[in-house]
Amino acid sequence: QVQLVESGGGLVQAGGSLRLSCTASVRTFSRYVMGWFRQAPGPGKESEFVAAINWSGGSTEYADSVKGRFTISRDNAKNTVYLQMNSLIPEATAVYYCAGHRGTEIRSYGEFEYWGQGTQVTVSS
């Protein structure tokens, strides 16, 4: 069973930065595509794709809303994926979830099958 544990969330002022980490309890982390999703507060808010990274880190994808400000990376030796978030805006306030699926290349975002418990990010204006 794959377990994903996020850390690094918190409260930050607009314009600030945070780095999220997610460590996976798997034998071969490099056999998993990893990603980040978020869910903003409020009724009817759905989970939103943020970023994804292939097995080697050589291929990444981002939501248009975070391009140029967020960077996803991974360290396969540490079984960890990161999300560096810069120039944060209040609209980034959400619970951020780490996710993974078996495979080496990014496919459909709907294929993510393993999820962490989430970490809260709050950006104050």
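The rules behind the values
Residues numbered from 1 in each chain as written. Predicted model: local features only at pLDDT ≥ 70, side-chain atom pairs only at ≥ 80, totals over all residues. Heavy atoms only, no water. Disulfide = S-S within 2.5 Å. Helix = DSSP H or I, 4+ residues; strand = E, 2+ residues; numbered from the N terminus. Buried < 20%, exposed > 50% of the residue type's maximum accessible area, 1.4 Å probe, protein only. Core = buried A, V, L, I, M, F, W, Y, C linked by side-chain atoms within 4.5 Å. Contact = heavy atoms within 4.5 Å. Phe/Tyr/Trp six-rings, centres within 6.5 Å; stacked < 30°, edge-to-face > 60°. Lys NZ or Arg CZ within 6 Å of the ring centre and 35° of its normal. Pairing = 2+ DSSP bridges. Axes fitted to C-alpha atoms, helices over the stretch in contact; angles between N-to-C directions.

Describing the state of the cysteines
Cysteine pairs can be linked by a disulfide, which is a covalent bond between their two sulfur atoms.
Thought 1: A complete count under the given rule lists one disulfide for this structure.
Thought 2: Bridging cysteine 22 to cysteine 98, the disulfide has an S-S length of 2.1 Å. Torsion about the S-S bond of the cysteine 22 and cysteine 98 cystine: about -75°, corresponding to left-handed handedness. Separated by 76 residues along the polypeptide, cysteine 22 in strand β3 (residues 18–24) and cysteine 98 in strand β9 (residues 94–102) bring together distant segments of the chain.

Quick word on unusual backbone geometry
Thought 1: You will see that asparagine 79, though not glycine, has its phi angle at about 55°, which is positive.
Thought 2: You can see asparagine 79 is positioned in the loop between β7 (70–75) and β8 (80–85).
Thought 3: Relative accessible area serves as the criterion here: at 17%, asparagine 79 is assigned to the buried category.
Thought 4: One non-glycine residue, serine 87, lies in the positive phi region at around 50°.
Thought 5: Its place among the elements puts serine 87 in the loop between β8 and β9.

Let's talk about the nonpolar core
Thought 1: Of all hydrophobic cores here, the largest spans 38 residues; its most connected members are Met34, Trp36, Val81, Leu83, Met85 and Tyr96.
Thought 2: Mapped onto this core, the elements with two or more residues apiece are β3, β4 (32–39), β5 (48–53), β7, β8, β9 and β11 (119–124).
Thought 3: Among all residues touching valine 81, those that are not within four sequence positions of it are Leu20, Ser21, Cys22, Phe29, Met34, Trp36, Ile53, Ile72, Ser73, Arg74 and Cys98.

Observations concerning the packing of aromatic side chains
Thought 1: Applying the stated criterion across every chain yields a total of five aromatic pairs.
Thought 2: Summarising the aromatic geometry, the rings of tyrosine 32 and tyrosine 114 are spaced 6.1 Å apart at their centres and angled 65° between planes, so their arrangement reads as edge-to-face. Highlighted residues: tyrosine 32 in strand β4 and tyrosine 114 in strand β10 (residues 114–115), separated in sequence by 82 residues.
Thought 3: Tyrosine 32 sits in the buried class, given a relative accessible area of 14%.
Thought 4: In this structure tyrosine 114 comes out as buried when scored by relative accessible area, which is 18%.
Thought 5: Taking 3.7 Å as the distance between ring centres and 10° as the angle between the ring planes, the aromatic pair formed by phenylalanine 49 and tyrosine 109 counts as stacked. Of the two residues, phenylalanine 49 sits in strand β5 while tyrosine 109 sits in the loop between β9 and β10, which places them 60 residues apart along the sequence.
Thought 6: Residue classification places phenylalanine 49 among the buried positions, given a relative accessible area of 12%.
Thought 7: On the basis of relative accessible area, tyrosine 109 is assigned to the partly exposed category, the value being 31%.
Thought 8: Site record: aromatic cluster; members linked through ring pairs are Phe37, Phe49, Tyr109, Phe112 and Trp115.
Thought 9: Above the face of the phenylalanine 29 ring, arginine 74 is positioned so that its terminal group lies 4.4 Å from the ring centre.

A closer look at the sheet that holds strand β1 (residues 4–7)
Thought 1: Here we have four strands laid out as an open sheet, ordered β1-β3-β8-β7, and antiparallel in their pairing. Two strands lie at the open edges of the sheet, namely β1 and β7, each paired on one side alone. Neighbour-to-neighbour, the strand axes of the sheet open up by a mean angle of 15°, direction not taken into account.

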